[in-house]
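# Structural overview for review
Given next are the chains, with one letter for each unit.
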Amino acid sequence: MKRFHFFLPSFILLITACGDQTLHNVQDFKPNRAPVIIKFISAHEAGDITPGLIVSLDLEAQDPEGDPLTVEFSSPRGSFRSMARNTPGASADFTVGNISGGDEVIVYARVTDNRGASVSASLEIGKSRIGPILTSTHEVTPVIKGNECTAVSFISDSDGYYQVKLLDDINEAAALDPNGTFFILKKGAGVELNICGPNYSGPLAINGIPRLRPVSSTPDKVAIIARDSMNQTGVLEYIIRVSGSSPAPGNSGNITITSLRNESATLAWEMAVDVESPQQALEYLVYYSEESAMDTPEDMDRAGTPFGNWTANINSREVINLIPGKGYYFNVMVRDVDGNRSAYRKINSAMPTDTPPIPGNSGKISTANIISKSLTVIWSEAVDDITVSGDIEYSLYYSLTGNIETVDNTLANGTLLKGWGRYETIHPCSTGSITDGIPYYYNILARDGSGNLSAYSMKQAVIPDATSPIPGDTGLLRAGSITPTGVILNWDKGTDGISGQESLTYKVVYSMLNNIDIVEGAEVFGITVMDWARDINTFEVTGLIDFTEYYFNVLVSDENGNRAAYKSLKFYKPDGAAPVPGNDGVFAITQVTGKSMLVSWTESSDNSNDNSQIQYKIVSSESDNISTVDEAENNGTVAMDWWTGYPAKVIYVNENGKKYFINIIVRDYAGNKSIYQTASATTVRQIYLFATIGKYQGKLGSIDIILRFRIPFETL
C-alpha cells in the first residue's frame, strides 16, 4: 500500500543519509567575520610626490573575534622597509620609486586573521609633478605682418629652462629640440621674445631678446617648452596669425564707371580675395586725383584724395562734389584685416559740363488703353540745352511702393520696364502683363548725350480687380468624417492675386439636386448651411436625413467681392442609428468549463431592415468595466472578433476557477455600434494530483502546500 506524507511548512526535519541524527553547538554555525581597519594614514603632507621620497605609514585594525592579525603592504610605485607591528596594527616606511609626470602614487594594505578572513584598503599618497606651468600674458591672438615682429611673453611657476618652437602641428611640441637654443627660466619672472613674419630680414636678437621667424605665410603655431629640475616638461601653446600677403583685387583689378553726371561718378568693381581674411571682412576706399600717378597704394596715398571711409564688403561707390568739365583719375584700394593693402587698376574720365534735360509738359505722365492686366504709359518729349531732342533717350520704371520720385530713387528702387530708347521708338509704352487691383507707380527717366539724367513726375495707376480667387486643390471638395446626423466637409484654402489667403471668405450651400456646380447656380438654388466666414477650410453639416442624397458646394470670395465655386460634392447620408440588441441586451452563458464557455444571444435589429449585415464582437474582462461600447473596446479582451452569423459562440479564457465578465458589442454596416448587458460566469476549478518519487510543490485550489512523500521501491 502506497502512503503519502504531508509536512507543514512551519518546520523541517533533517535526517542524515544513514538515518543518524546530529546535534551541533549553535556557536559552531556562526561565520568568521573579517577584521576591521580603523585607521590607515600617512605622515606625508599634501604636495607633489618626487622619486625617492620616504613616507611613513600607520595602520590600526582589530578582529571581531579577537583572532591574531597579519598585515601586508604593497604598491607598484615604490618599496617598503622598516615594517613594524603595533598593538593592534602595523607601521612601515614607503619609498617612492621612479615615476613620470602626472603619475598618481597609491599604497595598499591587507589585514588577515588566522582563520583566513581578510580586509583591504588603499591610501593615495599624492601625484608626481607634471612640469612647469607657463602662463601667457596675452589676451588676444598675436598677429604678425610679413616683414615685422611682435612680442610674445609668458611667466613660469618654477625655475628651469625654456625653448621656443614654431610648428605646423601644435601636438609636436611635446619634446625639446636638442639642437635648439635654451634659455634660463626664473620662477615668476616674465620672459619675452619676438616672433617675426616670413619676410623679416633683421637680426635674430635685439638687446638679448631672441627673434624667431616662421617658414611660411600661412597661420602658424608657437610652442614654448620649459623643463624643470625633475626633468618634467611644461608646454605653453600660442596660436598666431602670420599675415604676409596682400589681398588680390577681383577681375584683375578692373574698374567700371556705371554712372557719370555733372558732379558725380559711380564706380563699380569685383570684390577682392585674401589668403587669411574672409572676403566679407575686406575693406575698400575710393581715391580720385587730377594726376595719373594712381597705380599703387603708395601712389594713391601721395597723389590721391580718399573719398569717404574704409568700408567692408562693398563693390561700388558714388564719388560726389566733383567739378563739371574737369578730368579725373579714379582708383580703389583694398586692405585685409591685418592692414595689407592692394590697388586696383586706375580709370579716368572727364565730367560732363551741360545740365540734365528738361521733361516735357512739366514732367506729367498719363495712362491710356486701360484693360485687364495692361495699360499704356504716355509722356511728352524732353528738351536739352546741348543734346537735340531726337537724341535724348528714355527709360520706363515701375514700383509697387511709390518711391521713385527722383532720379536717385528711381535707379535705387525702381524696376526697369523698358530700356533706354529714343522717343520715336519707345513712346508710348505698354506695361505688358500686370495684376488687376494693385496700385502701380510709373516714372520716366530722360538722358542726354552727356549722360545727365532727369526724372518726370511719378504716376500712379490701378486696374480695377476683376479676377476671381482660385479654389484650392483645383476646387476639390471632400467629405470627411460622417457623424450620426451629418458630415464634416473639408477643402483646401483658395488663393488670390491681390487678397491674402487669410482675407478670403467661404460659404457652404447644399441642394437636393445637382444644380449648384457654378457660382450663379449655388447662389440661386443653394441653401446656406454656413454663411461667409474668413480663412477656414472645414465645416460640419448637421441635421441630415438618413438614406438621403445631397449636393454640397463651397463658394470663395476675395476682398473685392470676386467669387468662385469649388466642385460640387454628391453625398449620400447613410444610416446614423445604432442597432438594437435583441432581448433587451440580455444573453446567456452556458456550458462553462475550466477554460471555456458558450455565449448565446438574441439577434439584434437595425433600422436598415437588413439584419444579415449586423456583426458581433465578444469581449471579456476580469473586472466589471465593460458596460459601454467605449469601456468594452478599451478594457475588454477580444474573445471573438467581428463575426456575422448564428448568435452563439464558444469562447476561451485563461484560468480555471476565476470569475469573468462577458459582453457583446454589435454594429451595423454603417459602423454604428451598441452593446448588450454585461453578464458574468466563473470557470470550473480543477485539481490535479501527481504521484512520483520525490516532492511536488504547487497550488491545490487556493492553498499553497509542500507535498513530500516516499514510494517504496518494491511498489514500482
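Above: the structure in question.
The structure displayed is predicted, hence computed values, not measured ones.

Scoring rules and cut-offs
Residues numbered from 1 in each chain as written. Predicted model: local features only at pLDDT ≥ 70, side-chain atom pairs only at ≥ 80, totals over all residues. Heavy atoms only, no water. Salt bridge = Lys/Arg side-chain N within 4 Å of Asp/Glu carboxyl O. Helix = DSSP H or I, 4+ residues; strand = E, 2+ residues; numbered from the N terminus. Buried < 20%, exposed > 50% of the residue type's maximum accessible area, 1.4 Å probe, protein only. Contact = heavy atoms within 4.5 Å. Pairing = 2+ DSSP bridges. Axes fitted to C-alpha atoms, helices over the stretch in contact; angles between N-to-C directions.

In the structure shown here, the tally under the stated rule is 19 salt bridges. The salt bridge involving K39 is made with D58; its shortest N-O contact spans 3.4 Å. You can see K39 sitting in strand β1 (residues 36–42) and its partner D58 sitting in strand β2 (residues 54–62), a full 19 residues away along the chain. With relative accessibility at 29%, the residue K39 sits in the partly exposed group. Judged by its relative accessible area of 25%, D58 falls in the partly exposed class.

Among the secondary structure elements, S503 is positioned in the loop between β35 (486–491) and β36 (505–511). According to the relative accessible area criterion, S503 is buried, its value standing at 15%. Non-local contacts of S503, meaning those with residues more than four positions away in its chain, are made with R534 and E559.

A separate point is the pairing of strand β13 (residues 190–196). With respect to burial, β13 is a largely interior element, 5 of its 7 residues being buried. When strand β10 (residues 149–156) meets β13, the two strands line up antiparallel, connected through 7 bridges. For S153, the partnering residue across the bridge sits in β13 and is E192. Sheet analysis places β13 next to strand β15 (residues 209–212), joined by 2 bridges and oriented parallel. Among the inter-strand pairings, N194 is bridged to a residue of β15, identified as R211.

Below, the discussion takes up the sheet that holds strand β7 (residues 118–127). For sheets, the rule is that strands pair by backbone hydrogen bonds, running either parallel or antiparallel. Strand order in this open sheet of 3 strands is β3-β6-β7, and the pairing throughout is antiparallel. The strands lining the two open edges of the sheet, one partner per strand, are β3 (69–74) and β7. The average angle at which neighbouring strand axes cross in this sheet is 20°, direction not considered. Pairing geometry for strand β6 (residues 104–113) and β7, over 9 bridges, is antiparallel. What sits directly across from Y108, in β7, is S122.

Next up on the list: the sheet that holds strand β46 (residues 648–652). Read from one edge to the other, the open sheet built from 3 strands follows the order β42-β43-β46, with strand pairing classed as antiparallel. Edge positions in the open sheet fall to β42 (588–590) and β46, since each of these has one partner strand only. Neighbouring strand axes in the sheet, compared pairwise and without regard to direction, differ in orientation by 30° on average. Inspection of the sheet shows β42 paired to strand β43 (residues 596–600) by 3 bridges, in the antiparallel sense. Looking at the pairing, T590 lines up with L598 of β43.

Another point: unusual backbone geometry. H427 connects to P428 through a cis peptide bond whose omega is -10°. Examined against the element boundaries, P428 turns out to sit in the loop between α3 (423–426) and β30 (429–430). If you check the backbone angles, N361 has positive phi at about 55° while not being a glycine. Within the secondary structure, N361 is located in the loop between β25 (347–350) and β26 (365–371). Residues other than glycine seldom take positive phi values, yet S362 does so here, at roughly 55°. One can find S362 in the loop between β25 and β26. We classify S362 as exposed; its relative accessible area is 67%.

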